[in-house]
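Per-entry structural report
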Amino acid sequence: MPKTTKTPADNAAEPVATPAERAHGVIDAIVDPLTSALKRAGLRRAQKSAGESDQASATPAKAATGAGKPGLAISPLAVPFPTIPPIAGVEIATGRAGFYKHEREDLLLMRFAEGTSAAGVFTRHGVGSAPVDWCKRQLAATGGADVRALVVNAGCANSFTGKPGADAVRRVATAVGKRFDCRQRDVMMASTGVIGVILDDSKITARLPEVESRLKADAWAEAGRAIMTTDTFPKGAYATAVIDGHEVKIAGIAKGSGMIAPDMATMLAFVATDAAIAPAALQTLVSLYTRTTFNCVTVDGDRSTNDTLLLFATGQSGAPKIHRAGDKRLADFREKLEGVLLDLALQLVKDGEGATKFVKITVNGAESPASARKIARTIAESPLVKTAFAGEDANWGRIVMAVGRADEPVAREKISVKFGDLYAARDGLISAEYDEAKMSAYVKNQAFEVSVDVGVGRGSATVWTCDLTKQYVAINGDYRS
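Residues numbered from 1 in each chain as written. Predicted model: local features only at pLDDT ≥ 70, side-chain atom pairs only at ≥ 80, totals over all residues. Heavy atoms only, no water.

By the naming in an unreviewed UniProt entry, the chain goes by Arginine biosynthesis bifunctional protein ArgJ and is assigned to Caulobacter vibrioides. What UniProt records for the chain under Subcellular location (unreviewed entry) is the sentence "Cytoplasm". Here the chain is described in UniProt, under the heading Subunit (unreviewed entry), as follows: "Heterotetramer of two alpha and two beta chains." (UniProt positions renumbered as here; feature names shortened; annotations may be inferred.)

1. What to know about the sheet that holds strand β3 (residues 107–112)
Spatial strand order, β2-β3-β5-β6: four strands in an open sheet with mixed pairing. Each edge of the open sheet carries a strand with a single partner, namely β2 (90–95) and β6 (187–194). Neighbour-to-neighbour, the strand axes of the sheet open up by a mean angle of 10°, direction not taken into account. Bridge count for strand β5 (residues 149–156) against β6 is eight bridges, and the pairing is parallel. Within the sheet, the bridge partner assigned to V152 lies in β6 and is A190. In the packing of helix α5 (residues 162–180) onto the sheet, contacts are made with β3, β5 and β6, and the angle to β6 comes to roughly 135°. (Pairing = 2+ DSSP bridges. Helix = DSSP H or I, 4+ residues; strand = E, 2+ residues; numbered from the N terminus. Axes fitted to C-alpha atoms, helices over the stretch in contact; angles between N-to-C directions. Contact = heavy atoms within 4.5 Å.)

2. Re unusual backbone geometry
Of note in this structure, D181 is not a glycine but carries a positive phi near 55°. For D181, the position within the fold is in the loop between α5 and β6. For D427, which is not glycine, the phi dihedral falls at a positive 55°. Relative to the helices and strands, D427 is located in the loop between β13 (422–426) and β14 (429–430).

3. Let's talk about the pairing of strand β11 (residues 358–366)
Taking burial as the measure, the nine residues of β11 include eight buried ones, the bulk of the element. Pairing between β11 and strand β15 (residues 447–453): seven bridges, direction parallel. Within β15, the residue paired with I361 across the bridge is V450. Strand direction decides the pairing type here: β11 and strand β16 (residues 459–466), joined by seven bridges, are antiparallel. By the bridge assignment, I361 is partnered in β16 with V463. (Buried < 20%, exposed > 50% of the residue type's maximum accessible area, 1.4 Å probe, protein only.)

Spelled out as C-alpha cells, the structure:
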C-alpha cells in the first residue's frame, strides 16, 4: 500500500470548503463560552455509550448479520447496530451491482430532499481516488448547497485509475442526476474495495431503476451492511438534539476494518440530520469534530486512498435554519454530533481486522496537544506494542520505546506509564509498586487503558487502537482472493 510523507498523519484529513477551512482555525472565537465544556461532556457521553470501558459492550452483537467477506468471524468486540428511525428528507436503498463474487449487496443509494446542505472531509493520501476527487470538486463548486444524492459501492475503490476512473464516476453521477432530475454535481460518490481497478460503472447504472424503486425512509441497517468490505459487523450511530426548542435527529453509518489510520482512514462515513444548517456552518462543524473523533483512532497505521466523511442536513425538522457554527442554539447539536462521530469512530477500532483488544491510549504532560497526539499515535501504531497487547503481555518497555521514537520532547527522568490504575513506571524508573501479576490480569480484559506522562508540559491527547493478531495477517494476505 503506497504511503505519502507529504503531511503528518495528524493532518491527513482535509475539508474542502475554503471559507470553512479558515473558519475552523478561529472556532473558539466563534462558539459560545460553553462549547468547550459541552465538547468534553459530549466525548464522555459518547465514550460511555460506545462501551469504551464497559465489558458488556465487548460481547458480540446478536444483531450483526455476518461479515462483508465470507469466512470472517464477527469481532469479539462487536456492538449491536442501533435502532435508527427515519430522518426526514432522506430515502435509502441498497442493491447488488456484482462487484463481489459471492452473493451480497454492494451498492447504496441515498436521495435527499431539495435544499439539502452537505459538507465533507476527505483523505489527504498522495494518490487519492476518483470519487474523492469528484466530491471535493463538486462541493467546492456548489459550496455544498442543494446536494440531492449519494452513491456508494463496495468491492472496487476506483483509486489509481486515472481518467478512465474519473469518467466512470462522472457517468454514474450523470445517470443518477437524470433519474432524480438534478445536476450531476449534486450527486456525491464514494467507493471502497480493491485499489487499481477501474470502476465498471455499467454495473451501477444497470441497477439504478431497480434500486430507485426500493427507496424508503427506514433502511439504515441495510445501508450499513451494503458498504462493508472486511468489516464483520455494520456500524451505526444515532442521537437526538434540540435546536431552539425543536427536536432534530442525527444518524450515521460507517465502514472500516483495516487500512485504518484516519485522518480519516478504508474508511467511509455518512451522517445525515434533519436540522437546517447552512453549508459553511456544516463544513466548520464536520472539520472541527473529525479531529477529535475519526482522526483519533487507528487500527494499523495505513491511511486509505478513499477516506470520506460526508455530512448532510436536510432542513426538514422544522427547526430554524442556522448559519453560524458558533450559534448558541447549536450547543446541544454540536455535542450530539460529536458524540455520533465518536461512536462510529470507536466502532471502527472494535472491528479492526483480527482485533481482540480495544485499547485507549492517553498521553499527558506533553509540550503541546499536537505533540501528545503524535506520541499517542506512535504507541498505538507500534507493531511491537500491538502484538504485546494481543499476547496479553503488559510489556511497558515497548511503550517506553515507542514514546522515545516519536521524536517529540520528553523528560526521561519524569516519564510514567500506567495500565489502568496500575503504575508500571514512575519518574523514569520501574515503579516501586509494580506488580506483574496484577498487570497481566488487567490486560486480559477485552478493553483496557494505557496512560503515559512525559513530563515536559501540559499537552494531552487520546488515541484509540486495537491489538495486532495473526488474523490481521491472514485477512490481508487473502484480501483479493
